[in-house]
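Report on the structure
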Amino acid sequence: AEYIRMLIDIYIAIHKDDEIPGLYNKILDIDPNDGKAQLVMAEYYLRNGDSLAGNNFARKAFANTYLQPEDKMKFLMLNYFQEEINENNRDIVLELSGRLAKDYPENARVFAFRGDVFYSLKEDDSALNNYLTALKYEKNLVLLWQKVISIRFENSDFSGAKETALEALDYFPSSAIIYLY
């Protein structure tokens, strides 16, 4: 598989992109659990308009425990968030981000990411729940506190926003923006 990866690097350098999918398929023939190859194939098919094949490769990659959650979130951002989440990709984004939350139940960044997914879909309650879950595991992300406070303000939950802001000040006493709330 390493030889094939070196060959892929050469093809990329000489702009023979049409050869690359076949080489990644060879890698998958050798090691069907190669998560990076699964993500590359998913990206290839999605970019070439075959969302069915792309989504199937993405599902395989997201089921792959050898891939880090950061790689999976990056894939989602680059392939589904380039534009907005829309009716064409909404279900797969929710499915894959849900898979992340299921597979990494104590990873704050996964829940923060899932919160961003729901926030972009204008589903504030689900976004808020995911942000709060993220804060349960990692309290040192000031942006996450700001998102929770902001959603509470947008939904006229002023007492909840104040309570969250006061708690955030315990972790970020020098953050001027939190004092504004």
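Rules used in this analysis
- Residues numbered from 1 in each chain as written.
- Predicted model: local features only at pLDDT ≥ 70, side-chain atom pairs only at ≥ 80, totals over all residues.
- Heavy atoms only, no water.
- Helix = DSSP H or I, 4+ residues; strand = E, 2+ residues; numbered from the N terminus.
- Buried < 20%, exposed > 50% of the residue type's maximum accessible area, 1.4 Å probe, protein only.
- Contact = heavy atoms within 4.5 Å.
- Lys, Arg positive; Asp, Glu negative; His and termini not counted.
- Charge placed at Lys NZ, Arg CZ, Asp CG, Glu CD.
- pLDDT = per-residue confidence, 0-100.
- Expected span 1.5 Å × (residues − 1).
- Phe/Tyr/Trp six-rings, centres within 6.5 Å; stacked < 30°, edge-to-face > 60°.
- Lys NZ or Arg CZ within 6 Å of the ring centre and 35° of its normal.
- Salt bridge = Lys/Arg side-chain N within 4 Å of Asp/Glu carboxyl O.

**Details of the overall build of the protein**
Helices and strands together make up the secondary structure of the protein, namely 11 helices and 0 strands. For the C-alpha atoms alone, the extent of the protein along its principal axes is close to 60 × 30 × 30 Å. In the protein, which comprises 181 residues, the proportion classed as buried is 44%. Partitioning the intrachain contacts of the protein with sequence separation of at least 6 by distance along the chain shows that 44% fall at a separation of at least 24. Mean positive and mean negative side-chain charge positions of the protein (20 and 29 charges, respectively) differ by 2 Å.

**Description of the confidence of the model for the protein**
Of all residues in the protein, 98% have pLDDT values of 70 or greater, and the mean over the chain is 91. Per-element confidence in the protein ranges from a low mean pLDDT of 75 for helix H11 (residues 176-180) to a high of 97 for helix H8 (residues 124-137).

**Description of helix H9 (residues 142-154)**
The terminal C-alpha atoms of H9, which comprises 13 residues, lie 18 Å apart, in line with the 18 Å expected from a rise of 1.5 Å per residue. Those residues of H9 lying buried are Leu144, Trp145, Gln146, Val148, Ile149, Ile151 and Arg152. Looking at the buried residues of H9, the elements they touch are helix H7 (108-120), H8, helix H10 (158-171) and H11. Immediately beyond the C-terminal end of H9, within one or two residues, lies Ser156, with a positive phi of roughly 60°.

**With respect to the packing of aromatic side chains**
Counted under the stated rule, the structure contains 7 aromatic pairs. Consider the rings of Tyr45 and Phe57, whose centres lie 5.7 Å apart with planes at 10°: the pair is stacked. Pair noted here: Tyr45 is in helix H3 (residues 35-47) and Phe57 is in helix H4 (residues 51-63), with a separation of 12 residues, a long-range link. Following the ring pairs from residue to residue traces out a cluster consisting of Tyr44, Tyr45 and Phe57. Taking the ring centre of Phe57 as reference, the NZ or CZ of Lys60 above it sits at 5.1 Å.

**Regarding the environment of Lys72**
As for its position among the elements, Lys72 is in helix H5 (residues 69-80). With 36 residues separating them along the chain, Lys72 and Lys36 place their C-alpha atoms 9.7 Å apart.

**What about the pattern of salt bridges?**
Per the counting criterion, the structure on display carries 11 salt bridges. Residue Arg5 is joined to Glu2 by a salt bridge in which the shortest nitrogen-to-oxygen separation is 3.8 Å. In this pair, Arg5 and Glu2 are both assigned in helix H1 (residues 2-13), 3 residues apart and thus about one turn of the helix distant. Its relative accessible area of 54% is what places Glu2 among the exposed residues. Its salt-bridge partner being Arg59, residue Glu95 comes within 2.7 Å of it at the nearest N-O pair. Pair noted here: Glu95 is in helix H6 (residues 90-103) and Arg59 is in helix H4, with a separation of 36 residues, a long-range link. Judged by relative accessible area, Glu95 falls into the partly exposed class, the value being 36%. Taken together, the shared-partner salt bridges in this structure form one network comprising Glu2, Arg5 and Asp34.

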